[in-house]
Amino acid sequence: MAVRTSDISRVYEAYPEKKATLYFLVLGFIAVIIGSLFGPFQALNYGNVDAYPLLKRLLPFVQSYYQGLTLHGVLNAIVFTQLFAQAIMVYLPARELNLRPNMGLMWLSWWMAFIGLVMAALPLLANEATVLYTFYPPLKGHWAFYLGASIFVLSTWVSIYIVLDLWRRWRAQNPGKVTPLVTYMAVTFWLMWFIASIGLVLEAVLFLLPWSFGLIQGVDPLITRTLFWWTGHPIVYFWLLPAYAIIYTILPRQAGGKLVSDSMARLAFLLFLLLSTPVGFHHQFADPGIDPTWKMVHSILTMFVAVPSLLTAFTVAASLEFAGRMRGGKGLLGWIKALPWDNPGFVAPVLGLLTFIPGGAGGMVNASFTLDYVVHNTTWVPGHFHLTVATLVVLTAMGTIWWLIPNLTGKPISDAQRRLGLAVVWLWFVGILIMSLGLHLQGLQYVPRRAYISQVPDAYAHTSTLMVFNIVGGIVLLVALILFIYGLFSVLLGRERRVELAEAPVPFAEVLAGPEDNPLVRAMDRIGFWFLVAVILVVLAYGPTLVQLFSNLNPVPGMRLW
Ligand code: HEM
Ligand SMILES: [Cu+2]
């Protein structure tokens, strides 16, 4: 049922945000594909198998393990995640409100991201910025890396403006009404990100950019790390919440049910606005020059920020159970079997949620101050975050292929593509579980992260049994990745278009309860007030330490050790 291209361009005329969203999404998928290519080689490395000679033959620009690891971290954890957030957290509220985002600004943000990405990619590919995705000074990369990364991240400030502008326009038309759910999520999300991003912006503007331009001789490693982790923790919620928005507002419908509570979903997002940022010292438990009392304060606050994810676990599980029972599931577990396990758009985020259970448990360990000394800087840590970002976030993003790409392009999903999708998401899930088990257990045997250990094959021989997990996991993930690339492009490059798919509404779930116009929802809707509370919490949690650090700056010269 092919249609004339004029039909689809009519859709894009009416909804130009569809095209911009598609650009964000596709650029993000390309980033995660290129970034993930290095993953299986790293997993083999932690299996004591050195496949880098092969990798260098395939990709001759790769000079070292660490250059590959820098590309892996930057493209997956910074580039892909941000582009996905910019796609989802602008498009979904715009569709919910049925308002057109400011398209000039939406394209500006895409071009900023694209140009910043290209600018940072050049020194990365040329081995001029092998500093990993945390770029801790005094390791010193090329200025174009810092400048490109800054432009890339600043593109999100345009997204913040776009969504606040949508929200303001909607309120002007709907005085006295409570913000609709998805838009409430997006507004609190973007305000959270604004507060969060200031640390990194300060680090770049005050230190990294002037230093890499040669305007200042050195930088203070402690203060740059402190500013980095101001942003570095909440950035994981910046990665996570677009997936949560889908899991709350779309997944219940795909499951065949409803979201059981609108106000619980709002509460989770409000708590993220309040608690995401003032917790960064949990990345600096092993740093000198930070008072243990403050580390304890951040440790406790980190435990609090686990609460909204626990809330999410209950609300989402209840919504899925409700769906399973609507579909006729009986008994304690029968509802699980009744869910639509043949739909990859459903299966992908659900498998991601399952891995989030051990992922979250490991996070609580990391956050427990002195317990962190057991696992800090060991392979436990990448074991942990591959269960969160590389599974829940990535799988939820993959899951969008089966409903969002048709919604944006009108391209249908064939039955073969659907079945391929199921294979991809199951293999990804199984591969990450196996590899993460290996990495966690090796970490407990003191194997360091960020190390080309297969170059010292005797050093960690005491973990040789565990290494098998990394090898098997890495190979399964390689297969999953190849099938994913094939599946994604077979959908994107499909010739058939059905305009009605592109004109269909986004499959938002109905809500079982709410938005009850209750005092709780009204109180949560005072977003300006909560934003102020969030700012005050950050000032309280960071102010005293930063004042001390700024009044005792101790700059050191940069180094290039690669
Ligand atoms: C094919 C799938 C993947 C495999 C096999 C894989 C494997 C690995 C391994 C073994 C490490 C540890 C390297 C080291 O510490 O030396 C690592 C690091 C990392 N991975 Fe992955 N990964 C995959 C996909 C992803 C994805 C999709 C993301 C994020 C969206 C991600 C994010 C990261 C990050 C942030 C690091 C830390 C980099 C650093 O320490 O500088 N990975 N990966
Ligand atoms: Cu953190």
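These notes cover the structure that comes with them. In this text, all values refer to a predicted model and were calculated from it rather than measured experimentally. (Residues numbered from 1 in each chain as written. Chains lettered and ligands numbered in written order. Predicted model: local features only at pLDDT ≥ 70, side-chain atom pairs only at ≥ 80, totals over all residues. Heavy atoms only, no water.)

When its secondary structure is counted, the chain shows 24 helices and two strands. Viewed in the frame of its principal axes, the chain has a C-alpha envelope of about 60 × 50 × 50 Å. By the burial criterion, 59% of the 562 residues in the chain qualify as buried. Pairs at least 24 apart in sequence give 85% of the contacts found in the chain among residues at least 6 apart. Carbon and sulfur atoms provide 70% of the accessible area of the chain, an area that totals close to 22,000 Å². Computing the positive centroid from 33 side-chain charges and the negative centroid from 24, the chain places the two 5 Å apart. (Helix = DSSP H or I, 4+ residues; strand = E, 2+ residues; numbered from the N terminus. Buried < 20%, exposed > 50% of the residue type's maximum accessible area, 1.4 Å probe, protein only. Contact = heavy atoms within 4.5 Å. Areas by Shrake-Rupley, 256 points an atom, 1.4 Å probe, with all protein chains shown as cover. Lys, Arg positive; Asp, Glu negative; His and termini not counted. Charge placed at Lys NZ, Arg CZ, Asp CG, Glu CD.)

Perfect tetrahedral coordination of a metal by four donors corresponds to 109.5 degrees between them, and perfect octahedral coordination by six donors corresponds to 90 or 180 degrees. Protein-derived coordination of the copper ion (ligand 2) comes from H233 (ND1), H282 (NE2) and H283 (NE2), at a distance range of 1.9 to 2.0 Å. Mapping the donors of the copper ion (ligand 2) onto the primary sequence yields the spacing H-x48-H-H. Of this pair, H233 sits in the loop between α9 (221–232) and α10 (234–249) while H283 is found in the loop between α12 (262–275) and α13 (292–305), placing the two residues 50 residues apart along the sequence. Residue class for H233 comes out buried when judged on its relative accessible area of 8%. (Donors = N, O, S within 2.8 Å, 3.2 Å for Na, K, Ca; no water.)

Taken together, 25 residues are adjacent to ligand 1, and Y65, H72, H386, R449 and R450 come closest. Here an oxygen atom of ligand 1 sits 3.5 Å away from a polar atom, N or O, in the side chain of Y46. R449 has a polar side-chain atom sitting 3.0 Å from an oxygen atom of ligand 1. Where the shell around ligand 1 is concerned, the elements lending two or more residues are α2 (16–37), α3 (39–45), α5 (65–97), α18 (380–399) and α20 (415–444). Partitioning the shell around ligand 1 into residue classes produces 17 nonpolar, six polar and two charged. (Near = heavy atom within 4 Å. Polar contact = N/O pair within 3.5 Å; in protein donor to acceptor, adjacent residues only side chain to side chain. Nonpolar A, V, L, I, M, F, W, Y, C, P; charged D, E, K, R; others polar.)

With that settled, consider the environment of W562. Its location among the elements puts W562 in the segment after β2 (556–557). Separated by 123 residues in the primary sequence, W562 and L439 place their C-alpha atoms 26 Å from one another. A polar atom in the side chain of W562 sits 2.8 Å from the backbone oxygen of N127.

The iron atom of ligand 1 binds to the protein through H72 (NE2) and H386 (NE2); the donor distances cover 2.0 Å. Note that the iron atom of ligand 1 binds six donor atoms; their angles at the metal cover 85 to 179°, and the shape is octahedral. Of the two residues, H72 sits in helix α5 while H386 sits in helix α18, which places them 314 residues apart along the sequence. Across the pair, exposure class does not vary: H72 and H386 are buried alike. (Tetrahedral: all angles 85-135°; square planar, octahedral: opposite > 155°, others 65-115°.)

Next up on the list: the nonpolar core. Ranked by size, the top nonpolar core spans 179 residues in total, and within it W190 and F484 carry the most contacts. It is helix α8 (residues 181–212) that contributes the most residues to this core, 19 residues altogether. In this structure F484 touches F29, V32, I33, M398, I401 and V424, once residues within four positions along its chain are discounted. Core analysis: the second largest hydrophobic core is formed by five residues, L97, L99, L166 and W170 among them. (Core = buried A, V, L, I, M, F, W, Y, C linked by side-chain atoms within 4.5 Å.)

Before going further, it helps to examine α20. A rise of 1.5 Å per residue sets the reference length of α20, with its 30 residues, at 44 Å; its end C-alpha atoms lie 44 Å apart and thus fit the reference within 8%. One or two residues past the end of α20 sits Y446, with phi positive at roughly 70°. (Expected span 1.5 Å × (residues − 1).)

Just distances and angles here, no functional claims.
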